[in-house]
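# Examination of the molecular architecture
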Amino acid sequence: NVPEDIADKLLLASWGLPKAVLEKYHSLGVVQMFEWQAECLMLGQVLEGKNVVYSAPTSAGKTLVAELLILKRVLETRKKAILILPFVSVAKEKKCYLQ
């Protein structure tokens, strides 16, 4: 029961990410996102660098939204980004994941 304008955007492949990035996500079992995640990415001018504030329960997928925003901006602008994470264990996991 997902609206048509969002249904296509649930697939990670719809966001213009490089093949290597998509393959990494797919190898980890991430092929599509939740409807709320796609909605966050489609809000206003978020993809052009504007701010967004969103809230969801633990393990709901907030980090995926941040990762996709960071990846798109870094790849499109060729600038660096800083990802701040709350715990050393999460930082280590993301370091391996994003490499």
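Treat the numbers as computed from the prediction; the structure is a model and nothing was measured.

UniProt's feature table lists "domain: DEAD/DEAH-box helicase" (unreviewed entry) at residues 44-93, given in the numbering used throughout. Across residues 44-93, helical content stands at 44% and strand content at 0%; the span's end C-alpha atoms are separated by 31 Å.

Here we take up helix H3 (residues 35-42). Gln37, Ala38, Cys40 and Leu41 are the residues of H3 that are buried. Along the axis of H3, the buried positions cluster into a sector of 155 degrees, meaning they face one direction only. In the core, the buried residues of H3 are packed alongside helix H1 (4-7) and helix H4 (62-77).

In this section: unusual backbone geometry. The phi dihedral of serine 59 falls on the positive side, at around 65 degrees, and the residue is not glycine. Positionally, serine 59 belongs in the loop between H3 and H4.

This part takes up helix H2 (residues 19-27). Taken together, the buried positions of H2 are occupied by Val21, Leu22 and Tyr25. Down the axis of H2, the buried set is contained in an arc of 95 degrees. They therefore lie on one face. Along H2, exposed side chains directed more than 90 degrees from the buried face belong to Lys19, Ala20 and Ser27. Residues of H2 that are buried in the fold lie against H4 and helix H5 (88-98). Backbone geometry just downstream of H2 places glycine 29 in the positive-phi region, at approximately 85 degrees.

This part is about the nonpolar core. Membership of the largest hydrophobic core comes to 19 residues, with the highest contact counts inside it found for Leu17, Tyr25, Met33, Leu41 and Leu68. Those elements that place two or more of their residues in this core are H2, H3 and H4. If you tally residues by element for this core, the top one is H4, at five residues. Look past the residues within four positions of tyrosine 25 in its chain and what remains in contact with it is Leu12, Val30, Leu64, Glu67, Leu68, Leu71 and Tyr97.

Analysis parameters
- Residues numbered from 1 in each chain as written.
- Predicted model: local features only at pLDDT ≥ 70, side-chain atom pairs only at ≥ 80, totals over all residues.
- Heavy atoms only, no water.
- UniProt positions renumbered as here; feature names shortened; annotations may be inferred.
- Helix = DSSP H or I, 4+ residues; strand = E, 2+ residues; numbered from the N terminus.
- Buried < 20%, exposed > 50% of the residue type's maximum accessible area, 1.4 Å probe, protein only.
- Arc of directions from axis to C-beta.
- Contact = heavy atoms within 4.5 Å.
- Core = buried A, V, L, I, M, F, W, Y, C linked by side-chain atoms within 4.5 Å.

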